[in-house]
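# Summary of structural features
For reference, the chains in residue letters:
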Amino acid sequence: MSLESIYTDIILENSRSDHNRKHLDCANCIERGHNPSCGDDIVIELIIKDGTVVDAAFTGSGCAISQASTSMMIDLIRSKSVDEAKVLADTFLAMIKKIIEEESDLEILEDAIAFKNISNMPARVKCAVLAWHTLKEAIKRKQA
Amino acid sequence: MRNFDIEKIRNDFPALSRYVHEKPLVYLDNAATTHKPQVVLDSVADYYRSFNANPHRGAHFLGVTATELYEASRETVRDFINASSSNEIIFTKNATEALNLIAYSYGMVNIEEGDEIVLCISEHHSNIVPWQNVAKSKKASLKYMYLDENHTLDLKEVYRKITDKTKLVSIAHMSNVLGTIYPVKEIVEYAHQKGAVVVIDGAQSVPHMKTDVRYIDADFLVFSGHKLMGPMGIGVLYGREELLLGMPPFLMGGDMIEYVEEETTTYAELPYKFEAGTPNVGGAIGLAAAIEYLSEIGFEALHKHEIELTTYALKRLKELPYVTIYGHKNPEQRGPVISFSMKGCHPHDVASIVDTYGVALRAGHHCAQPLMAYLKAPASSRISFYIYNTIQEIDILIDSLKKVRKWFL
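Rules and cut-offs
Residues numbered from 1 in each chain as written. Chains lettered and ligands numbered in written order. Predicted model: local features only at pLDDT ≥ 70, side-chain atom pairs only at ≥ 80, totals over all residues. Helix = DSSP H or I, 4+ residues; strand = E, 2+ residues; numbered from the N terminus. Contact = placed C-beta atoms within 7 Å. Rg over C-alpha atoms; globule rule 2.2 N^0.38 Å. Buried ≥ 20, exposed ≤ 12 C-beta atoms within 10 Å, placed from the backbone. Nonpolar A, V, L, I, M, F, W, Y, C, P; charged D, E, K, R; others polar. Core = buried A, V, L, I, M, F, W, Y, C linked by C-beta atoms within 7 Å. Domains from an automatic or database assignment. Pairing = 2+ DSSP bridges. Axes fitted to C-alpha atoms, helices over the stretch in contact; angles between N-to-C directions. Right-handed = clockwise from strand over helix to strand, strands pointing away.

Turning our attention to the overall build of chain A. Helices and strands together make up the secondary structure of chain A, namely six helices and three strands. Going residue by residue from the N terminus, the α and β elements of chain A occur as α-α-β-β-β-α-α-α-α. Counting only C-alpha atoms and orienting by the principal axes, one finds that chain A spans roughly 45 × 30 × 25 Å. Considering only contacts in chain A between residues 6 or more positions apart, those separated by 24 or more positions represent 59%.

Next up, the structure:
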């Protein structure tokens, strides 16, 4: 396992980027995600209108992996339909579990493909998937 | 006391010679668990290889021998913490189970509505959650003693929080995050004046310093074997005999009974009343072997070695301008545990990156979330030393921390 394959430029840049780190005034779907064992703690905020994620943002604290993953997810789901967001989350989680390995099947994840190698660092998998599980939970509750 | 020969000591621990990610292991996570010397591994293997029978029952040779070995281990523990009687030594699976035993069998019975339970803010979750449960069930209140700017506990805070309403005080002798050593003898003395009983969580302190329950005058003391070079799955509850006698059993079942009839049961005497089911004989034997190993080296030599390591580590960490160290600055006031944060690098990233250099350290909230919230630090990195760590290992740590920094510049 090489650190270079985990701490890639794109992940490090996104871990520092603050453009998605804010509160949304009219968020109508808010979900907290928390890794109790290590303390990563995020809140994602979504504005969902007519089945579309009109805007999204997050706040919280955690390691570079969890923060980059959250921010890149927010970039990816903004302006997508809720159904597309769900497919993205399922695809990301399947990539981490190595259920989907074909590059062509992962293209929809765009830059988030950078997390593929995290499956080689088992201790950090939970950091990478936190935001995506939180998103699925948020959608599930919104649709309930 | 034998000569403190670090090379010889390291050779006693098979795991220390292994490689991790093709680098020699630098194990600095001793507050979580310690490695085991060959004598401990052998004692457990020998027990299972040559004896292995269910103690306290059966008249056959192996059963009798297993009983003798188990009870001899209890006597080793009694002597180690200077308890008056081996009736006061209850084997549990770990310190957490021992704290739960006290919470259920003492707390739930003796704490009533309006009473106060006093803890320190730096407690491990295992010494918080059982008391929250007691407080909630019994409508008692939970009060915390807070730390001063040196991350130590001022006795004035002790006198403020322990009152006539306090029924129970539970405090770690040494913080697993800050390494702070608390003035438990003074706390016990004051709590007793107020009529409260005191539980000492010795999980961190017992492996590092001579613990004398009669000197401290503790009502209860708990610790785990695995942080003291013993096996996982064996822990100890010490309780003053008169308190244990008045307490109902914690777990019910075999081995803790006297007579069982269809509707009623009378319970066994101490210490068996609190040891339901087949006990962890191999674990107890391993713990006794670890205590003997530690006693041979002696606390004086251990303390000298740990002070040297802690002093050096604090000095080297202070050289890094981006590192913030928590806890008391004076190595004499703390155990060999140092928590720190690195500007711009989250502790999990620190842990993952130094791991690739063979360095094992702990990152996160260290099962002390109320303390981390109080310190306004969601997480920290923690290094902790034991008998076998070296100055060279601290140098490797510092070099690897410098490399961590490069990733996040």
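Turning to the overall build of chain B, a few remarks are in order. When its secondary structure is counted, chain B shows 14 helices and 17 strands. By the compact-globule yardstick of 22 Å for 409 residues, chain B fits well, its C-alpha radius of gyration being 22 Å. For the C-alpha atoms alone, the extent of chain B along its principal axes is close to 70 × 55 × 35 Å. Within chain B, the fraction of its 409 residues that count as buried is 51%.

On to the interface of chain A and chain B, then. Tallying the contact residues gives 15 residues for chain A and eleven residues for chain B. Here the residues of the side of chain A that touches chain B sort into nine nonpolar, four polar and two charged.

Right, let's get into the nonpolar core. All names here are of chain B. Within the largest apolar cluster, 82 residues are counted, with the highest numbers of intra-cluster contacts made by Val-198 and Val-222. Looking at this core, the element that brings in the most residues is helix α10 (residues 281-297), giving ten residues. Filtering out sequence-adjacent residues up to four positions away, Val-222 remains in contact with Ala-95, Ala-98, Leu-99, Asp-201, Gly-202, Ala-203, Gly-235, Val-236 and Leu-237. Membership of the second largest hydrophobic core comes to 40 residues, among which are Ile-9, Val-26, Val-354 and Leu-375.

What follows covers the domain arrangement of chain B. Residue and element names in this part refer to chain B. You can read the domains of chain B as domain 1 (6-30 + 298-407) and domain 2 (42-295). Inter-centroid distance (C-alpha atoms) of domain 1 to domain 2 is 28 Å. Domain 1 puts 22 residues into the contact, and the matching count from domain 2 is 23 residues. Listing elements by their share of the side of domain 1 that touches domain 2, those giving two or more residues are α11 (299-318), β14 (337-342) and α13 (369-374). The element contributing the most residues to the side of domain 1 that touches domain 2 is α11, with four residues. Classifying every residue of the side of domain 1 that touches domain 2 by side-chain character gives eleven nonpolar, eight polar and three charged.

Neighbouring strands of a sheet are bound in pairs by backbone hydrogen bonds; such pairs are parallel or else antiparallel. Residues and elements named next belong to chain A. Spatially, β1-β2-β3 is the arrangement adopted by the three strands of the open sheet, whose pairing is antiparallel. Unpaired on one side and paired on the other, β1 (29-34) and β3 (52-61) mark the two borders of the sheet. The mean inter-strand angle of the sheet, taken between neighbouring strand axes irrespective of direction, is 20 degrees. By the bridge criterion, six bridges tie β1 to strand β2 (residues 41-49) in an arrangement that is antiparallel. Directly across from Glu-31, in β2, lies its bridge partner Ile-44. The sheet contacts of helix α3 (residues 64-77) involve β2 and β3, and relative to β3 the element is tilted by about 165 degrees. Together, β1 and β2 form the strand contacts of helix α6 (residues 125-143), whose direction differs from that of β1 by roughly 140 degrees.

With that settled, consider the sheet that holds strand β17 (residues 380-384) of chain B. All names here are of chain B. What the four strands build is an open sheet, ordered β13-β14-β17-β16; its pairing is antiparallel. Every other strand in the sheet has two partners, leaving β13 (323-325) and β16 (362-364) as the edge strands with one partner each. Across the sheet, the axes of successive neighbouring strands diverge by a mean angle of 30 degrees, strand direction being ignored. Bridge count for β16 against β17 is three bridges, and the pairing is antiparallel. When the sheet's bridge partners are listed, Arg-362 is paired in β17 with Arg-382. Of the strands in this sheet, β13, β14 and β17 are in contact with α11, which crosses β14 at around 10 degrees.

Right, let's talk about the pairing of strand β6 (residues 141-145) of chain B for a bit. Each regular strand carries side chains that alternate between the two faces of the sheet. Residues and elements named next belong to chain B. In this structure, strand β5 (residues 116-120) lies alongside β6, joined through five bridges in parallel fashion. Bridge pairing links Glu-116 to Ser-141 in β6. Assessed by its sense of winding, the connection that carries the chain from β5 through helix α5 (residues 129-138) to β6 is right-handed.

Our next topic: unusual backbone geometry. Omega for the bond connecting Leu-270 of chain B with Pro-271 of chain B falls within 30 degrees of zero, at 0 degrees, which places this linkage in the cis form. Summarising the element assignment, Pro-271 of chain B is placed in the loop between β12 (265-267) and α10. In the Ramachandran plot, Glu-110 of chain A falls in the positive-phi region, its phi being about 50 degrees despite a non-glycine side chain. When you line up the elements, Glu-110 of chain A lands in the loop between α5 (103-106) and α6. Of note in this structure, Asn-82 of chain B is not a glycine but carries a positive phi near 60 degrees. Take Asn-82 of chain B: it is sitting in the loop between α3 (61-81) and β4 (89-92).

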